[in-house]
Amino acid sequence: MLFEKEIERVGYLSRSIPEGINLQEEIIRLKKEKNAVILAHYYVHADIQKLADHIGDSLALAQASKKAKHDIIVFCGVHFMAETAKILNPSKKVILPDLHAGCSLADSADEIAFQEFKNQHPNAVVVSYINCSARVKAMSDIICTSSNAVKVVESIPPDKEIIFAPDQNLGKYVEKVTGRKMHIWNGSCIVHVNISMDKLNALMQKHPEAELIAHPECLPEILEKAHFIGSTKSLLEYVQKPGVDSFIVATEAGILYKMRESVPGKTIIAAPAIESNSCACSECPYMKMNTLEKLYNALYYELPEINLAEDIMQGAEKALNNMLLIS
Ligand code: 13P
Ligand code: SF4
């Protein structure tokens, strides 16, 4: 990974927490003392979501980062999200509790291979999903998230070729909705492609009353069966609709915490993973690297901090702002 040197430098952050302290209380105290704001994605552990000032999908968190007035933004999510916060609000100190918190999509596209891909389609407008590195963002014309990908692609004149990277499943979904043919990078999310179609079919037979709702990073065969497809935030909003009381949710299981909290009387079932883990659902190993202990240490030391080269910041900001203008 690109940030290995930084990981080495802040290695001591894993040191143990003083005995007898109440982590939640200490995090709230440090947050106030240091004028920090905690942003968290729906996929992180529930104990962190409970402490966060804002919880959201990638778009909402990017917007919240841009607006943040605090001195420090603590990003409980993954590396590309913290980079995005730094790009959109560069005067703030942005910290990520664990620098190892990457993303299989971002890792699928390094800048050299991506440049080669761009060279094959020199006239194409480059649309990159926000789940990519700051370097790849800087090589893109416009960024999109799962909540605005269709809108972003529809904003491009119909006579233009389009490169879409790095998620092939979101890309195929956007092609289907918009009818636009695109040059799609072949990355995928290890969590969403790990949802088992066979187990899902069995679950749907067992719960015929339940609606299947899915994130667009899922495989096309899952999306074909879904009643609703959307970003984490829109999936959360969808379960609140009256008249349906049971849902099978094909995305990372962290979102279930907020769903169950918002509709306590409804049945919310996680789509099953191919490889079973403790919850038999799909969990993102990177999002789950955010723990209360690391959050406490990150606030205490104000590390690990996200810093980026000026030229990368400028290029990536332009592509991100092109998205925010139409969102
Ligand atoms: P959302 O923008 O829908 O929250 O998706 C982020 C993500 O990483 C999905 O895997
Ligand atoms: Fe990346 Fe998938 Fe984890 Fe989202 S769930 S951060 S796309 S690996």
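For clarity, every value in this text was computed on a predicted model and none was experimentally measured.

Here the focus is the site of ligand 1. Every residue near ligand 1 is listed here: His 41, Tyr 43, Asp 57, Ser 58, Asn 131, Ser 146, His 192, His 215, Glu 217, Ser 231 and Thr 232. One of the side-chain N or O atoms of His 215 is found 2.8 Å from an oxygen atom in ligand 1. Within the complex, 96% of the 300 Å² of free accessible area of ligand 1 lies under protein. Of the residues in the shell around ligand 1, the class split is 1 nonpolar, 8 polar and 2 charged.

Attention now moves to the site of ligand 2. Contacts to ligand 2 come from Tyr 43, Cys 103, Ser 104, Leu 105, Asn 131, Cys 189, Val 191, Glu 217, Cys 284, Tyr 286 and Met 287. Along the lines of polarity and charge, the residues of the shell around ligand 2 split into 8 nonpolar, 2 polar and 1 charged.

This part is about unusual backbone geometry. That bond from Ala 165 to Pro 166 is cis: its omega, -10°, falls within 30 degrees of zero. Locating Pro 166 in the fold gives a position in the loop between β7 (162–165) and α10 (168–178). A cis geometry characterises the amide bond from Leu 303 onward to Pro 304, with omega recorded as -10°. Mapped onto the fold, Pro 304 is located in the loop between α15 (292–301) and α16 (310–325). In this structure, Asn 35 is a non-glycine residue whose phi angle is positive, near 50°. Looking at where Asn 35 falls in the secondary structure, it is placed in the loop between α2 (23–33) and β1 (36–41). We classify Asn 35 as partly exposed; its relative accessible area is 33%. In this model, Glu 302 sits at a positive phi of 55°, which is unusual for a non-glycine residue.

Turning next to the environment of Pro 220. Positionally, Pro 220 belongs in helix α12 (residues 220–225). Owing to a relative accessible area of 29%, Pro 220 belongs among the partly exposed residues under this scheme. With 27 residues separating them in the primary sequence, Pro 220 and Val 193 have C-alpha atoms 9.8 Å apart.

What counts, and where the lines are drawn
Residues numbered from 1 in each chain as written. Chains lettered and ligands numbered in written order. Predicted model: local features only at pLDDT ≥ 70, side-chain atom pairs only at ≥ 80, totals over all residues. Heavy atoms only, no water. Near = heavy atom within 4 Å. Polar contact = N/O pair within 3.5 Å; in protein donor to acceptor, adjacent residues only side chain to side chain. Areas by Shrake-Rupley, 256 points an atom, 1.4 Å probe, with all protein chains shown as cover. Nonpolar A, V, L, I, M, F, W, Y, C, P; charged D, E, K, R; others polar. Helix = DSSP H or I, 4+ residues; strand = E, 2+ residues; numbered from the N terminus. Buried < 20%, exposed > 50% of the residue type's maximum accessible area, 1.4 Å probe, protein only.

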